[in-house]
Structures are given as C-alpha cells and as structure tokens.
Amino acid sequence: MSKIVMGALLALGGTATACVAGAKTLFNRTIPRQDTLRVDLSEMADMSKWEEYKKFMIPNREWLEKQNLETVKITARDGIELHAKYFPAENPSNKLVICNHGYTGRGMKDCTSIAVFFHRIGYDCLIVDHRGHGDSEGKYIGFGILDRFDCLRWIQYVNNRFESRKQILLYGVSMGATTVLMTTGFPEIENTVKAVVSDCAFTSPYAVFRHILKRDYHLPPFPIMDINDAMCRKKAGYGFSDYSALYAVKNTNIPILFIHGAEDNFVPVSMSKQLYNECGSEKDLMIVENAGHGAAYYEDVPAYEEKIISFTEKYLD
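Residues numbered from 1 in each chain as written. Predicted model: local features only at pLDDT ≥ 70, side-chain atom pairs only at ≥ 80, totals over all residues. Heavy atoms only, no water.

Asker: Just give me the short version of empty space enclosed by the protein, but keep the residues and values in it.
Answerer: In total, this model carries two cavities of 30 Å³ or more according to the counting rule given. Counted as a void, the second largest cavity has a volume near 40 Å³. Along the walls of the second largest cavity sit N100, V128, D129, H130, R131, D147, D150, C151 and W154, which together make up its complete lining. Per element, the largest residue contribution to the lining of the second largest cavity is four residues, and it comes from helix 6 (residues 147-161). Class assignment for the residues of the lining of the second largest cavity results in three nonpolar, two polar and four charged. (1 Å grid on protein atoms, 1.4 Å probe; cavity = no way out; pocket = protein on both sides within 12 Å on 5 of 7 lines; lining within 4 Å. Points joined across faces, edges and corners; volume = space filled by probe spheres on them. Helix = DSSP H or I, 4+ residues; strand = E, 2+ residues; numbered from the N terminus. Nonpolar A, V, L, I, M, F, W, Y, C, P; charged D, E, K, R; others polar.)

Asker: Got a sec to walk through the packing of helix 6 against helix 7 (residues 175-183)? Specific residues and values, please.
Answerer: Between helix 6 and helix 7, whose axes approach to 8 Å, the crossing angle comes to 70 degrees. By the angle class used here, helix 6 and helix 7 are roughly perpendicular. The chirality of how helix 6 crosses helix 7 is right-handed. Residues D147, R148, C151, L152 and I155 of helix 6 pack against M175, T179, M182 and T183 of helix 7. Residues that form the contact of helix 6 with helix 7 fall into these classes: five nonpolar, two polar and two charged. (Axes fitted to C-alpha atoms, helices over the stretch in contact; angles between N-to-C directions. Parallel < 35°, antiparallel > 145°, perpendicular 65-115°, else oblique. Left-handed = near helix turned anticlockwise from the far one by under 90°. Contact = heavy atoms within 4.5 Å.)

Asker: I'd love a proper account of unusual backbone geometry, names of residues and values included.
Answerer: Going from F222 to P223, the amide bond is cis rather than trans, its omega being 5 degrees. Within the element layout of this structure, P223 appears in the loop between helix 8 (205-217) and helix 9 (224-235). Unusually for a residue other than glycine, F143 sits at a positive phi of about 50 degrees. Here F143 is to be found in the loop between strand 4 (124-128) and helix 6.

Asker: I'd like a rundown of the pattern of salt bridges, residues and numbers included.
Answerer: Where charged atoms from two side chains of opposite charge approach closely, those side chains can pair. Scanning all chains against the criterion turns up 16 salt bridges. Across the salt bridge formed by R165 and E163, the nearest N and O atoms sit 2.6 Å from each other. Residues R165 and E163 agree in their burial class; the two are exposed. Ionic contacts of the salt-bridge type, sharing partners, join the residues D78, R131 and D150 into one network. (Salt bridge = Lys/Arg side-chain N within 4 Å of Asp/Glu carboxyl O. Buried < 20%, exposed > 50% of the residue type's maximum accessible area, 1.4 Å probe, protein only.)

Asker: Let's hear about the packing of aromatic side chains: which residues, and what values?
Answerer: Centre distance and the angle of the planes are the two values used to describe a pair of aromatic rings. Throughout the structure, instances matching the rule amount to 23 aromatic pairs. Plain terms: the ring middles of Y53 and Y298 are 5.8 Å apart, the flat faces sit at 35 degrees to each other, and that makes the pair tilted. Of the two residues, Y53 sits in helix 3 (residues 47-65) while Y298 sits in helix 12 (residues 296-299), which places them 245 residues apart along the sequence. In this structure, Y53 and Y298 share a single accessibility class: buried. Relative to F240, the ring of F209 lies with its centre 5.4 Å away and its plane at 35 degrees, an arrangement referred to as tilted. One end of the pair, F209, is in helix 8; the other, F240, is in the loop between helix 9 and helix 10 (245-251), and 31 residues separate them in sequence. The exposure class of F209 is buried, given its relative accessible area of 3%. Following the ring pairs from residue to residue traces out a cluster consisting of W50, Y53, F56, Y297, Y298 and Y304. Over the ring of Y86 we find R161; its NZ or CZ atom is 4.7 Å from the centre of that ring. When the ring centre of Y276 is taken as origin, the NZ or CZ atom of K283, which lies over that ring, is 4.7 Å away. (Phe/Tyr/Trp six-rings, centres within 6.5 Å; stacked < 30°, edge-to-face > 60°. Lys NZ or Arg CZ within 6 Å of the ring centre and 35° of its normal.)

Asker: Would you mind going over the confidence of the model for the protein chain in detail, with residue names and values included?
Answerer: Model confidence for the protein chain is summarised by a mean pLDDT of 92, while 92% of its residues fall at 70 or above. Under a pLDDT of 50 for its full length, residues 4-13 has, in the predicted model, 25 contacts with residues more than four places off or in other chains. (pLDDT = per-residue confidence, 0-100.)

Asker: Before we move on, could you go through the sheet that holds strand 5 (residues 167-173) and cite the residues and values that matter?
Answerer: Spatially, eight strands are ordered 1-2-4-3-5-6-7-8 in an open sheet, and the strand pairing comes out mixed. Whereas interior strands pair on both sides, the edge strands pair on one side only; in this sheet they are strand 1 (70-75) and strand 8 (283-288). For this sheet the average axis-to-axis angle between neighbouring strands, irrespective of direction, equals 20 degrees. Where strand 3 (residues 95-100) lies against strand 5, six bridges are found, and the strand directions are parallel. (Pairing = 2+ DSSP bridges.)

Asker: Describe helix 8, naming the residues involved and giving the relevant values.
Answerer: Along an α-helix, a turn takes 3.6 residues, which lines up residues three or four apart on a common side. Here helix 8 is 13 residues long and its end C-alpha atoms lie 18 Å apart, about the 18 Å a rise of 1.5 Å per residue gives. In the segment just after helix 8, H218 is the residue with positive phi, at about 55 degrees. (Expected span 1.5 Å × (residues − 1).)

Given below as structure tokens:
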C-alpha cells in the first residue's frame, strides 16, 4: 500500500495543484475496482514467510475448489449483484460462518483455509466476494463503509433461506474484519449473529490512510485526505469518516474476538487494542507474535484455531 501512496505523493510540491493531483492519483489507485493485485505482500509479512504460508494455503484452496460449492447471488441496496459460495457442513448443522476477505482479495482466494477449518468443526460456510472484488459487481471498493450494508444483506439472506434457524458467526480479515465489526452496528442482527471474529481490523478507512501518510511520508492528513475524501464522496458515494468500527463495537451486544499480528506494519496492532478497549460486549484479544498483516492464522495455526474454538463455543452450540 505504501508504494501505492508513493505514486500519489511524488507529485506533491506544496502547491494546491500538486495536492489535488496527488489526491487524485491516490484515489485512482485505491478506491476503484482492482482486478489485479496491487498490494505489496512484503508489507504484510516477510516474503520468505509467505512462501511457507503457501504450503498450507494452496492445498486447502485446491481441496475446497474440488468440493460441490453452490454459487449464491443477492442484490445490494444500490442494485449491484453480490456473489458468494455456499459450502454446507458434512453433517446437518445449525451453525454458519460468513467469511469476509480483505482489500483486493476474493473469497475463494483468501478465505479458503479458514473455511476449510470451519467446515472441519461443523460449520456451514458462506464465502463472500465484497463489492468491487471477485465475482461481485461494483465499480468501487467500500472499505467497510458500504460493505457493512452488504454484510447485512448476506445475514438477511441466511435468515430468510434457513428461517432464522442458523446461528451465525461473522469472520473477517483486514477490510473484511472492519466490515464485520461495522455490521455489528445494526442491532437487528443480534437475534441470529451470535459472535464475531475480527482479524487485523482497522478502526476506519480514514484512520488507516492517515496512519500510512504519517508513517511513511511524515505528512499530516490535511489536505490529501480531505481532497481524497471529497473525490470518494462524489464518485463512490461515501466518505472515509462516514462510519467507524469503534462506534459499532461500543454499542453492540455481540461477543467479539479480536486478533492481530504483533508485527503488522500496515494496520497497527494498536487499532485492535483500541477496538478491544472500546468494545462494550463480551470480548477477548489475541496478539500473535511474529505475524504480519493478515498472517496471524498462518503464523500459528494451532493456537489460532484453538482460540476461535474456545471463544465461539461459549456462544454457538
């Protein structure tokens, strides 16, 4: 992501014209749909570690792709078509997890290993593609602000299809984690959503972009973020500060497990700690040593899975 921001900032020279040009470049490289990966994985974890992680990830993905997956489609509140894959448990189950991937990802690429785990412990899995990602429609990425409404639609779909008999677990990584946390701000979901697992969430899109500007370029958010926010409102229909995961978790009754890698240099671990401290419901916090962004699961698979099981079994039966 810092390389994306670098391209936006090369034009900056202190003039208003340069600021507008830099903000426009930042917008064009981050908010519109991106069907090719533009995130530098080396920012998330050491590349040698990702090569090791792939030895775990790829077999899970290949196995899941061979299963009998149902393609599911729903319509978002703004009319775009959203896609997901439904994978029922081996035996009839009253538990269902909705898996939410991160920025520039897709469900059947980034959530396959965790879906295989949930399938193994008896969950139905709904593996979604966020708007502007994968098979879902959408010209712009929602950074949780728009995706929370889509997640609500997926919950409503599950409730309608299964007549509210499913106990729902929301799971998300990075932008997907922010999405599921923001979704807890809808009180109507509390009858069927029994718990949330949030892995390396950011508190708001504004906060994470501000962090990158300060960390890598020692720049204040003004005026780049203000200009970029205005562009996003005009083109994508939302602003970076329109909603915050902090507000949602302060007011929810849904239990939340917060997970974060101690070596996350993209979304600082302090954001999950802040979310945990502000959360008003039952909660727990797991910090995974030596894990970069989005890598906590792959860094310590046994501990990660054990933590999820011990937390969720208190709320889903």
